[in-house]
Amino acid sequence: MKAAFILLSSIVLCSSCGAKRNNNNKVPADNNKPIKPDTSIFKPLSAEEKQYYHDKVEAAYHKILGPYFNGEILVAKNGQIVFEDYKGYANFRTKSPLTPHTALHLASTTKTFTGMAILHLWEQGKISLDDNIQKYFPQLPYPGITVRMLLSHRSGLPNYLNFMEKGFPRKGHATNQAVIDFMIRNKPPRTALPGRAFQYCNTNFVLLASILETIKHETYPKYMK
């Protein structure tokens, strides 16, 4: 019994000494270390938060895109620009540099803006994601397709890049309305039933941009600006 008491006392004493050593060796907090901003609230960034995002983006920018990146990059948070850079040439033949005023072809990057614009209308209660597209295009011969399906590329519509190869003037300018009129007139076949399969399709966003124009009664470029 005496031996057991001595053993237990030794364990307690060693544990206490160990705890004391750990406390003494504890690394002091770095008060200069930036605190990760609260991203749950939309509010103006403080100078420290803005610098935090700038440093994070800049590090990722150099790591991911590397030294040979040619293009423009701008990252904003809560409506404030935290990082911006223009690197390389606008014209490789003339060696003219890229600047903040260089116009570039955005291509399918505009799909992101179009999707956000539609969701903004949804937030305002001006559109339902379950609206049938024939609400906006009564003559379009493709029933059963919703706005949600257009956004998620599950409409089953044919891609206008393919079906307009035949029958549309080569020198003609294919506006969104021209694509819609062509579909009404020629009825190119679906590629899938609505909601049944994912198929990336430019036609979906032609219709979404046109829906936006119908609701807002202004052109897509004007609304986006």
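Residues numbered from 1 in each chain as written. Predicted model: local features only at pLDDT ≥ 70, side-chain atom pairs only at ≥ 80, totals over all residues. Heavy atoms only, no water.

(A) Up close: the packing of aromatic side chains. Tallying each qualifying case throughout the model produces 5 aromatic pairs. Here phenylalanine 163 and phenylalanine 182 contribute two aromatic rings whose centre-to-centre distance is 5.7 Å and whose plane-to-plane angle is 15°, an arrangement assigned as stacked. On the criterion of sequence distance, the pair formed by phenylalanine 163 in helix 5 (residues 160–163) and phenylalanine 182 in helix 6 (residues 176–186) is long-range, its members being 19 residues apart. The exposure class of phenylalanine 163 is buried, given its relative accessible area of 13%. Among the aromatic residues, those joined into a ring-pair cluster are Tyr61, Phe69 and Phe83. (Phe/Tyr/Trp six-rings, centres within 6.5 Å; stacked < 30°, edge-to-face > 60°. Helix = DSSP H or I, 4+ residues; strand = E, 2+ residues; numbered from the N terminus. Buried < 20%, exposed > 50% of the residue type's maximum accessible area, 1.4 Å probe, protein only.)

(B) Quick look at the packing of helix 3 (residues 109–123) against helix 7 (residues 202–216). Their axes nearest at 10 Å, the elements helix 3 and helix 7 cross at an angle of 40°. As judged from the angle between their axes, helix 3 and helix 7 are oblique. Relative to helix 7, helix 3 is oriented so that their crossing is left-handed. Where helix 3 abuts helix 7, its residues Lys111, Thr114, Gly115, Ala117, Ile118 and Leu121 lie against Asn202, Phe205, Leu208, Ala209, Leu212, Ile215 and Lys216. For the contact of helix 3 with helix 7, the per-class residue count stands at 8 nonpolar, 3 polar and 2 charged. (Axes fitted to C-alpha atoms, helices over the stretch in contact; angles between N-to-C directions. Parallel < 35°, antiparallel > 145°, perpendicular 65-115°, else oblique. Left-handed = near helix turned anticlockwise from the far one by under 90°. Contact = heavy atoms within 4.5 Å. Nonpolar A, V, L, I, M, F, W, Y, C, P; charged D, E, K, R; others polar.)

(C) Seen up close, the environment of alanine 192. By secondary structure assignment, the location of alanine 192 is in the loop between helix 6 and helix 7. Alanine 192 gets classed as buried once you look at its relative accessible area, which sits at 17%. Apart from residues lying up to four places away in sequence, alanine 192 is in contact with Ser155, Gly156, Ala197 and Gln199.

(D) Broad picture of helix 6. Here helix 6 has its buried residues at Ala178, Val179, Ile180, Phe182 and Met183. Of the surrounding elements, those touching the buried residues of helix 6 are helix 5 and helix 7. Of the residues flanking the end of helix 6, it is lysine 187, one or two places downstream, whose phi is positive at about 50°.

(E) Broad picture of the side chain of serine 155. With respect to the helices and strands, the residue serine 155 is situated in the loop between helix 4 (147–151) and helix 5. The class of serine 155 is buried, set by a relative accessible area of 1%. Of the polar contacts made by the side chain of serine 155, one reaches the side chain of asparagine 204; its length is 2.5 Å. Ignoring any residue separated from it by four or fewer positions in sequence, one finds serine 155 in contact with Ile145, Met149, Leu150, Arg190, Ala192, Leu193, Pro194 and Asn204. (Polar contact = N/O pair within 3.5 Å; in protein donor to acceptor, adjacent residues only side chain to side chain.)

(F) Inspection of a nonpolar patch on the surface at higher detail. A surface patch of nonpolar side chains, amounting to about 270 Å² of accessible area, comprises Leu106, Phe113 and Met224. Mapping methionine 224 onto the fold places it in helix 8 (residues 220–224). A relative accessible area of 33% means that methionine 224 is categorised as partly exposed. (Patch = residues over 30% accessible without salt bridge, like charges linked within 9 Å, V, L, I, M, F, W, Y side chains within 5 Å. Areas by Shrake-Rupley, 256 points an atom, 1.4 Å probe, with all protein chains shown as cover. Salt bridge = Lys/Arg side-chain N within 4 Å of Asp/Glu carboxyl O.)

(G) How the structure looks around the side chain of aspartate 131. Residue position: aspartate 131 is located in the loop between helix 3 and helix 4. A polar side-chain atom of aspartate 131 sits 3.5 Å from a polar atom in the side chain of lysine 135. Residues within four places of aspartate 131 in sequence aside, it is in contact with Tyr136, Ile145, Thr146 and Val147.

(H) Broad picture of the environment of tyrosine 89. Along the chain, tyrosine 89 turns up in strand 3 (residues 89–91). When the C-alpha positions of tyrosine 89 and glycine 71 are compared, they lie 7.7 Å apart, and in sequence the two are 18 residues distant. Once you skip the residues sitting within four places of it in the chain, tyrosine 89 turns out to touch Asn70, Lys95, Ser96, Pro97 and Leu98.

(I) Representation of the pattern of salt bridges within the structure. Here the structure, examined in full by the defined rule, presents 4 salt bridges. Across the pair lysine 135 and aspartate 131 runs a salt bridge whose closest N-O atoms are separated by 3.5 Å. On the accessibility criterion, lysine 135 (56% relative accessible area) is exposed. Given a relative accessible area of 12%, aspartate 131 falls into the buried group.

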